[in-house]
Amino acid sequence: MMRIGLFLLTNLGVLALASLTLNLLGVDQILNESGTGLNLTSLLIFCAVFGFSGAFISLFLSKFMAKRTTGVQLITNPRTADERWLMETVKDLSQKAGIGMPEVGIFPANQANAFATGWNKNNALVAVSAGLLQRFDREEARAVMAHEIGHVANGDMVTLTLIQGVVNTFVMFLARIIGHTVDKVVFKTERGVGIGYYIVTIVAEIILGFLATMIVMAFSRYREYRADAAGATLASREGMIRALQRLQAESQAGAPSPMPKSMQAFGISSGFQQSLGKLFASHPPLEQRINTLRQGL
């Protein structure tokens, strides 16, 4: 579950920088037509440009950031039996899925996990933890790799980028409308914008961004079911179920995540979620995923 966390972190950073730049350049004041009302069309265009920019910059940096954050060692010339098997498996699965051969790597972690990322389905990265290769049997490991290949073939990162771009746009847009309204009604600013506008806009962006994350995470959970189905199709249903059961056992045993929180949304498993955290979870509960596969959905 590493990919989405890093994607969101990078996106939020770009969005925050864009918002600060808008303020420093006085764009917010320019967008006031007469000092009393916002030019909503111009505001929406500005927000869309910066909102989608943050999402697409995150997308294009995703593979680079994944390598740097997880310490992935790319396999160029396989030296061990595991590396040879992994390269051959990814090549076979990629051909079945109809995508280009991705870069393949192993990251140093004892916990079982894997991820795929990249801006283009023909220029992706698929990586697996050393612990997964050591403890999973070949059928289970193949199913995990098929799951990740499924993410790439389904174009999940591009779809996520578009959703994030729309969310960014409306977070910035609505935050400025709220800030403008409060500044005029509560702080009684007659012309231009006052300090109240900037304070309220920043607070509104934080709150709306928090709520908007639930939308992005809902899509993330949905895509996991699709990737599980791809794993069952490209590899085997039984292998996919057994792999998820093994991940479930490790999760319940309290195995720590091998990946930083900013990257955990990219892996095959995100661990155990409780209460309100479920709304912000990038993955559905493993039990639900297993039951869905058993039902053949």
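Since the model is a prediction, treat every value here as computed from it, not as a measurement.

Considerations on helix α4 (residues 81-97)
Then, number 1: Between the first and last C-alpha of α4 there are 24 Å, a value that for 17 residues agrees with the 24 Å anticipated at 1.5 Å per step.
Then, number 2: Buried residues of α4: Glu83, Trp85, Leu86, Met87, Thr89, Val90, Leu93 and Ser94, and no others.
Then, number 3: On its buried face, α4 is in contact with β2 (103-107), β4 (125-129), α5 (130-135), α6 (138-153) and α8 (195-234).
Then, number 4: In the stretch just after α4, Gly98 is the one whose phi turns positive, near 75 degrees.

Regarding the packing of aromatic side chains
Then, number 1: Within the structure shown, the criterion is met by six aromatic pairs.
Then, number 2: Measuring from centroid to centroid gives 5.3 Å for Tyr197 and Tyr198, while their planes differ by 80 degrees, and the two rings are edge-to-face. This pair shows no difference in class: Tyr197 is buried, exactly as Tyr198 is.
Then, number 3: Ring geometry for Phe210 against Phe280: centres 4.7 Å apart, planes inclined by 40 degrees, an arrangement best described as tilted. Taken together, the positions of Phe210 in helix α8 and Phe280 in the loop between α9 (237-252) and α10 (286-294) put the pair 70 residues apart, joining distant regions of the chain.
Then, number 4: Since its relative accessible area comes to 23%, Phe280 is described here as partly exposed.
Then, number 5: What links up through ring pairs into an aromatic cluster is the set Phe56, Phe60 and Trp119.
Then, number 6: The ring of Phe136 has Arg246 lying over it, and the distance from NZ or CZ to the ring centre is 5.3 Å.

Section: the sheet that holds β2
Then, number 1: Reading across the sheet, the four strands line up as β1-β2-β4-β3 and stay open at both edges, with mixed pairing between neighbours. Only two strands of the sheet have a single neighbouring strand rather than two, namely β1 (73-74) and β3 (114-117).
Then, number 2: With two bridges joining them, β1 and β2 adopt antiparallel strand pairing. In the sheet register, Leu74 faces β2, and the bridge partner there is Gly105.
Then, number 3: Strands β1, β2, β3 and β4 of the sheet are contacted by helix α3 (residues 40-70), whose axis makes an angle of about 150 degrees with β3.
Then, number 4: The strands touched by α6 are β3 and β4; relative to β3, the strand with the most contacts, the crossing angle is about 20 degrees.

Things to note about the confidence of the model for the protein chain
Then, number 1: Taken as a whole, the protein chain shows an average pLDDT of 85; of its residues, 79% reach a score of 70 or greater.
Then, number 2: Confidence, read as mean pLDDT per element, is least for helix α2 (residues 27-30) in the protein chain (54) and greatest for α4 (98).

Focus: the environment of Asp92
Then, number 1: Tracing the backbone shows Asp92 in helix α4.
Then, number 2: You can call Asp92 partly exposed: its relative accessible area is 27%.

Let's talk about the nonpolar core
Then, number 1: Ranked by size, the top nonpolar core spans 35 residues in total, and within it Leu86, Val128, Leu132, Phe136, Met145, Ile149 and Leu244 carry the most contacts.
Then, number 2: At seven residues, α6 tops the list of elements feeding residues into this core.
Then, number 3: Contacts of Phe136, omitting those with residues within four sequence positions, involve Ala112, Ala141, Val144, Ala243, Arg246, Leu247 and Glu250.
Then, number 4: By size, the runner-up hydrophobic cluster in this structure holds twelve residues, among which are Leu59, Ala204, Leu208 and Phe219.

Cut-off values and rules
Residues numbered from 1 in each chain as written. Predicted model: local features only at pLDDT ≥ 70, side-chain atom pairs only at ≥ 80, totals over all residues. Heavy atoms only, no water. Helix = DSSP H or I, 4+ residues; strand = E, 2+ residues; numbered from the N terminus. Expected span 1.5 Å × (residues − 1). Buried < 20%, exposed > 50% of the residue type's maximum accessible area, 1.4 Å probe, protein only. Contact = heavy atoms within 4.5 Å. Phe/Tyr/Trp six-rings, centres within 6.5 Å; stacked < 30°, edge-to-face > 60°. Lys NZ or Arg CZ within 6 Å of the ring centre and 35° of its normal. Pairing = 2+ DSSP bridges. Axes fitted to C-alpha atoms, helices over the stretch in contact; angles between N-to-C directions. pLDDT = per-residue confidence, 0-100. Core = buried A, V, L, I, M, F, W, Y, C linked by side-chain atoms within 4.5 Å.

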